[in-house]
Amino acid sequence: MDLYIDGQAIPLLESEGDTLLRLSLAAGIPHQHACGGEARCSTCRVRVLEGADLLAPPTAAERKLAKSLAFPPEIRLACQCRPRVKGKGRVSVQRLIRDTLDAENLLAIDEAGVREMNLVILFSDLRGFTSFAEPLLPYDTVHILNRYFRVMGDAVLNHHGVIDKYMGDGLMALFGVEGEACEQAAENGLRAGLAMLEALESFNGYLVDNGYRGEPLAMGVGIHAGTVVYGDMGHPGQVSRTAIGDPVNVASRLESATKEAGHPILVSEDFKRLLNGRLHSAGELEVALKGKSEPTLASKAIGLAGSPRCQPDQVSS
Ligand code: FES
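Residues numbered from 1 in each chain as written. Predicted model: local features only at pLDDT ≥ 70, side-chain atom pairs only at ≥ 80, totals over all residues. Heavy atoms only, no water.

Chemist: Hey, could you run me through helix H2 (residues 60-68) in this one?
Modeler: Side chains of residues three or four places apart in an α-helix project in the same direction, reflecting 3.6 residues per turn. Buried residues of H2: Glu62, Leu65 and Ala66, and no others. Along the axis of H2, the buried residues cluster in a sector spanning 100°; they form a single face. Turned more than 90 degrees off the buried face of H2, the exposed positions are Ala60, Lys64, Lys67 and Ser68. Turning to H2, the residues buried within the fold contact strand E4 (75-77). (Buried < 20%, exposed > 50% of the residue type's maximum accessible area, 1.4 Å probe, protein only. Helix = DSSP H or I, 4+ residues; strand = E, 2+ residues; numbered from the N terminus. Arc of directions from axis to C-beta. Contact = heavy atoms within 4.5 Å.)

Chemist: Is there a simple way to think about the nonpolar core in this case?
Modeler: As a rule of thumb, soluble globular proteins bury nonpolar side chains together. Counting residues in hydrophobic clusters, the biggest one holds 43 residues, and the most contacted among them are Leu190, Met219, Ile223 and Phe271. Broken down by element, the residue count for this core peaks at 12 residues, all from helix H6 (residues 182-209). Sequence-distant contacts of leucine 190, defined by excluding residues within four places in its chain, comprise Ile223, Val267, Phe271, Leu275, Leu279, Ala301, Gly303 and Leu304. (Core = buried A, V, L, I, M, F, W, Y, C linked by side-chain atoms within 4.5 Å.)

Chemist: Any chance you could explain the sheet that holds E4 here in plain terms?
Modeler: Spatially, the five strands line up as an open sheet ordered E2-E1-E5-E3-E4, and their pairing is mixed. Sheet topology places strand E2 (8-10) and E4 at the edges, where each strand pairs with a single neighbour. Across this sheet, the average inter-strand angle for adjacent strands is 35°, counted without regard to direction. As defined by bridge partners, strand E3 (residues 45-50) adjoins E4 across three bridges and the pair is classed as antiparallel. Bridge pairing in E4 links arginine 45 to leucine 77. (Pairing = 2+ DSSP bridges. Axes fitted to C-alpha atoms, helices over the stretch in contact; angles between N-to-C directions.)

Chemist: In this structure, what is going on with the side chain of histidine 31? I would like to understand it.
Modeler: Position of histidine 31 among the secondary structure elements: in the loop between helix H1 (20-26) and E3. On the accessibility criterion, histidine 31 (1% relative accessible area) is buried. A distance of 3.0 Å separates a polar atom in the side chain of histidine 31 from the backbone oxygen of cysteine 44. Look past the residues within four positions of histidine 31 in its chain and what remains in contact with it is Leu21, Ser24, Leu25, Cys44, Val46, Ala78, Arg95 and Leu106. (Polar contact = N/O pair within 3.5 Å; in protein donor to acceptor, adjacent residues only side chain to side chain.)

Chemist: I keep staring at the environment of lysine 272 and nothing clicks. Help me out?
Modeler: With respect to the secondary-structure elements, lysine 272 resides in helix H8 (residues 269-274). Considering only alpha carbons, one finds lysine 272 and asparagine 146, 126 residues apart in sequence, at a separation of 31 Å. Not counting residues up to four positions away in its chain, the partners in contact with lysine 272 are Leu279, Glu284 and Ser299.

Chemist: Sorry, what's going on with the domain arrangement of the chain here?
Modeler: When the parts come together, some accessible area is lost, and that loss is often what is quoted as the size of the interface. Domain annotation of the chain identifies domain 1 (2-112) and domain 2 (115-314). Counting residues at the interface gives four residues for domain 1 and four residues for domain 2. For the pair domain 1 and domain 2, the summed buried area comes to about 360 Å², and 45% of that belongs to carbon and sulfur atoms. Where domain 1 packs against domain 2, one counts one salt bridge. We note a salt bridge from arginine 40 to glutamate 116, for which the minimum N-O separation is 2.6 Å. Linking domain 1 with domain 2 are one residue pair in polar contact (both at pLDDT 80 or more), by the criterion used here. Residues belonging to the side of domain 1 that touches domain 2 are distributed by class as follows: two nonpolar, one polar and one charged. (Domains from an automatic or database assignment. Buried area = accessible area lost by both parts, 1.4 Å probe. Salt bridge = Lys/Arg side-chain N within 4 Å of Asp/Glu carboxyl O. Nonpolar A, V, L, I, M, F, W, Y, C, P; charged D, E, K, R; others polar.)

Right under this line is the structure:
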């Protein structure tokens, strides 16, 4: 058979069993494959223009992904699709994601080592800071925020976490990026969350001691665990390393839900399971998470076997 990708003839010598993606890359075509050929993205997608019957049928993984993305039959995943090279005829496919920017991004993504990982995600947010900061001069606000992020950041770093980003007076942290076991990452994440609440008390004391007026600040912490895509993302000239995926959204929404729950740390069921019965909690509640049709069960964390317990009044109601 003859194979053409984007109109370019592809050598097929000794290629029985190779996927379209492998053949395409071997021929020097900058073919997108963000997940590394694991049927976990869809960036390698091609449109079959000719010779569909000379391609092996979709694998189970390809069928699942094609169904979820509602692909028509002529769209195939190049990383899952194998040409029947001993067949007679011509196969012609066209990459769908293929302009110059995509080719540049392909290089950036390969260098970054973007990959799926099981991580623990922690979100924290300060409550009442907007009104607290209203009468302050901007330099004072920066000074206080830097002091706050210093003490909260210490709580994360001292428990082997990574500060992923700052968002206003909020913070996102990840645990497990060094490849720690999920159980260890979960323990580190919870210990960090508890340490943050403890640090908030002395931070409020610092504000009073230094003449800053206003109500004591409160905070909310949401923790979840799950599979995310982790790596460098953004403009190739200014990337930032971060995690993307539904578990990140869930952690963020748990943090938001601490306010109505009247408790400073909410953790998900998936996260709780990783602690193997060692979570001390003040009860469970069903939380309606924005964007989710079903409510999610969350636990009001107060401690971990072997750690000090937090006080529920550390969150504003
Ligand atoms: S490379 Fe990700 S699905 Fe093919």
